[in-house]
Amino acid sequence: MSKSFQPTLLYQDGRFLSGKQLDVDDAGRITVTARDTTPVDLKGKALLPGFVNAHSHSFQRLIRGRAESRVVSGKDFWSWRNTMYQAAAHLSPEEVYDVARMCFLEMARAGITTVGEFHYLHNMSDGVPYDDANLMARRVIAAAQSVGLRIVLLRSAYLRSGYQLPLDPGQRRFFEKVDAFLSNIASLRASYPENSADVRFGVAPHSIRAVPLDDLHEIVSWARSNSLPIHMHVAEQIAENVECQREYGCTPVELLAREELLGKDFVAVHAIHLSSEEIAAFAKTQAIVCSCPTTERNLGDGIVQVDALMKLRVRHALGSDSQAQIDSLEDARQLDYHLRLAQQQRAVLDQIDDRPIAERLFDCATIHGAQALAVESGSLRPGEYGDMVTIDLEDISVAGHTPDSLLPLIVFGANRTAIRDVVVNGKTILQNGRHPLEEEIVSRYQQVYRKVWGGESSEGNLR
Ligand SMILES: [Zn+2]
């Protein structure tokens, strides 16, 4: 049965409209020709496109709070990785499922309707593949299905530790040979319905560091012949650029441009340490940049030059990456806040191409994310999937607004408490702030957390 969502305000094309409804057909797509619809009352709420989280490593939810110490995790990204590897070392497929469900539940609570899961946890703890080399990927997909999120599983190729480096034992669950990678992603993809509404795929060569150039060519041409998006970590750390100079005599983005690997279907995750020529290369090839500002500030990665990128109309998606926080609106506003601190000015991204800043940042969390994952979503247009989020117009963080101030209020000030309902493919997965599986998901996650990190949980100590 088709549904008719009836909010107090509907966000479309940069404006809030009152007295409008949004219809979604049986297949979960937005339509303007529905008949006999079932009304869904959303009085007192604004209805907006759901957020797209284009870059996630769900298992890293486990290290939130564990890595905020130099004693434990050292002083930089490279030493932080050891804490992350420790979390990844012994998780069973069922535990990976439990952690991913917790992470995806939190995403649903934050208004996220699609997640791009950059997945590289493939092997058993000793580095040997499971009988089904895609077992871990399937458990992560099942976790998203259990919560109700759409997932784009970006299966990652992690082929080596780095140029002239021995294999790092902390990464043994990640490694595959390129042939195995290609046959594994092909069989994974073939085992799900083609163009499914809720499970999609992409190809993720981990980084220039982890994938030698010949293999990268092979992986990218396979992805292109199968029309799949290509995601890669690029220029997150200066040391990465230096290593690439040593191996290839140029930076990662120069290499990608020179080898004609950039393109409309290429998503450069982070893309922080860039020259103006490299920014121009993204513009020329229409590649997308995916920033993860809450993670990038947590890891001390640096500040992405969003102003320079946006002036050249480079599309910009957002990701929660390490799950230090899961909040697409916080990621959106930090794109500008980081620039404000660096440049000692306000609203740096405002009026680029005459567009208001709030609209531009909101597009990063929605439309550009959907484009990065090649999913028909993000703007509530007819034909797209019915992926939506509601904001409680009386929530303490947004109350007191006019139609023209509401979007900036939401982008710069909304708390997660304002997010009340989340709809994916026309199906409500969060209703009035509650997910039906929340207690079970949290309780199973707590058991995994105690097993991995030991000791009593704070709940246990209170009893
Ligand atoms: Zn990442």
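Residues numbered from 1 in each chain as written. Predicted model: local features only at pLDDT ≥ 70, side-chain atom pairs only at ≥ 80, totals over all residues. Heavy atoms only, no water.

K.L.:
Explanation requested: the overall build of the protein chain in the structure shown.
P.N.:
Helix and strand counts for the protein chain stand at 17 helices and 16 strands. Its C-alpha radius of gyration of 21 Å places the protein chain within 12% of the 23 Å reference for a compact globule of 463 residues. Counting the 463 residues in the protein chain, one finds 58% classified as buried. Considering only intrachain contacts with a sequence separation of at least 6, the fraction spanning at least 24 residues in the protein chain is 75%. As presented, the protein chain carries roughly 18500 Å² of accessible surface, and 50% of it is formed by carbon and sulfur atoms. Charged side chains of the protein chain number 49 positive and 60 negative; the gap between the two group centres comes to 2 Å. (Helix = DSSP H or I, 4+ residues; strand = E, 2+ residues; numbered from the N terminus. Rg over C-alpha atoms; globule rule 2.2 N^0.38 Å. Buried < 20%, exposed > 50% of the residue type's maximum accessible area, 1.4 Å probe, protein only. Contact = heavy atoms within 4.5 Å. Areas by Shrake-Rupley, 256 points an atom, 1.4 Å probe, with all protein chains shown as cover. Lys, Arg positive; Asp, Glu negative; His and termini not counted. Charge placed at Lys NZ, Arg CZ, Asp CG, Glu CD.)

K.L.:
In this structure, what is going on with unusual backbone geometry? I would like to understand it.
P.N.:
Most peptide bonds take the trans configuration, and most residues that are not glycine carry a negative phi. With a phi close to 50°, Gln344 is a non-glycine residue in the positive phi region. As for its position among the elements, Gln344 is in the loop between helix H12 (328-343) and helix H13 (357-365). Classification of Gln344 by relative accessible area gives exposed; the value is 72%. With a phi close to 55°, Ala374 is a non-glycine residue in the positive phi region.

K.L.:
Help me understand helix H7 (residues 238-248), please; the structure alone is not making it clear to me.
P.N.:
Those residues of H7 lying buried are Glu240, Asn241, Cys244 and Tyr248. With its buried residues spanning 100° around the axis, H7 presents them on a single face. Buried positions along H7 lie against helix H2 (77-89), helix H6 (213-225), strand E10 (230-234) and helix H8 (252-258). (Arc of directions from axis to C-beta.)

K.L.:
Is there a simple way to explain the coordination of the zinc ion in this structure?
P.N.:
When four donors bind a metal tetrahedrally, each ideal donor-metal-donor angle is 109.5 degrees, and when six bind octahedrally, the ideal angles are 90 or 180 degrees. Around the zinc ion, the protein contributes the donor atoms His55 (NE2), His57 (NE2), His233 (NE2) and Asp321 (OD), at 2.1 to 2.5 Å from the metal centre. Coordination at the zinc ion comes from four donor atoms whose angles at the metal span 85 to 169°, giving a geometry best classed as irregular. (Donors = N, O, S within 2.8 Å, 3.2 Å for Na, K, Ca; no water. Tetrahedral: all angles 85-135°; square planar, octahedral: opposite > 155°, others 65-115°.)

K.L.:
Is there a simple way to explain the packing of H13 against helix H15 (residues 403-413) in this structure?
P.N.:
If you want to describe how two helices pack, look at the angle between their axes and the distance between the axes. Two elements in contact, H13 and H15, have axes whose closest approach is 9 Å; the angle formed by their N-to-C orientations is 55°. What the angle tells us is that H13 and H15 run oblique. Between H13 and H15 lies a crossing whose hand is left-handed. Here Ile357, Ala358, Glu359, Leu361 and Phe362 of H13 lie close against H15, whose contacting residues are Leu407, Pro408, Val411 and Phe412. Residue classes in the contact of H13 with H15 are distributed as eight nonpolar, no polar and one charged. (Axes fitted to C-alpha atoms, helices over the stretch in contact; angles between N-to-C directions. Parallel < 35°, antiparallel > 145°, perpendicular 65-115°, else oblique. Left-handed = near helix turned anticlockwise from the far one by under 90°. Nonpolar A, V, L, I, M, F, W, Y, C, P; charged D, E, K, R; others polar.)

K.L.:
Looking at this structure, how should I read the packing of aromatic side chains?
P.N.:
For the structure on display, the rule yields 14 aromatic pairs. Both rings, one in Phe77 and one in Trp78, keep their centres 4.8 Å apart while their planes meet at 90°; by these two values the pair is edge-to-face. Overall, the relative accessible area of 24% leaves Trp78 in the partly exposed class. Ring geometry for Tyr337 against Phe412: centres 5.8 Å apart, planes inclined by 40°, an arrangement best described as tilted. With Tyr337 in helix H12 and Phe412 in helix H15, this pair connects stretches of sequence that are 75 residues apart. The structure contains a cluster of three or more aromatic residues connected by ring pairs, namely Phe59, Tyr85, Tyr120, Tyr158, Phe174 and Phe175. Here Arg29 stacks its cationic end above the ring of Tyr385, 4.1 Å away from the centre of that ring. The ring of Tyr97 is capped by Arg139, whose NZ or CZ atom sits 4.4 Å from the centre of that ring. (Phe/Tyr/Trp six-rings, centres within 6.5 Å; stacked < 30°, edge-to-face > 60°. Lys NZ or Arg CZ within 6 Å of the ring centre and 35° of its normal.)

K.L.:
What's the story with the packing of H12 against H15 in this structure? I'm lost.
P.N.:
Interaxial distance between H12 and H15 falls to 7 Å at its minimum, and their mutual angle equals 85°. Taken together, H12 and H15 sit at an angle that is classed as roughly perpendicular. Contacts between H12 and H15 involve Leu329, Arg333, Tyr337 and Arg340 from the former and Ile410, Val411, Phe412 and Gly413 from the latter.

K.L.:
In this structure, what is going on with the pattern of salt bridges? I would like to understand it.
P.N.:
Pairing between side chains of opposite charge can happen when their charged atoms approach one another. For the coordinates displayed, the defined rule picks out 30 salt bridges. Close ionic contact of Arg313 with Asp353 constitutes a salt bridge, the shortest N to O distance being 3.0 Å. Of this pair, Arg313 sits in the loop between helix H11 (306-311) and strand E13 (316-318) while Asp353 sits in the loop between H12 and H13, and the two are 40 residues apart along the sequence. In this structure Arg313 comes out as exposed when scored by relative accessible area, which is 63%. Assessed through its relative accessible area of 37%, Asp353 is described here as partly exposed. A network of salt bridges, in which partner residues are shared, links Glu94, Asp98, Arg101, Arg139, Glu440 and Arg444. (Salt bridge = Lys/Arg side-chain N within 4 Å of Asp/Glu carboxyl O.)

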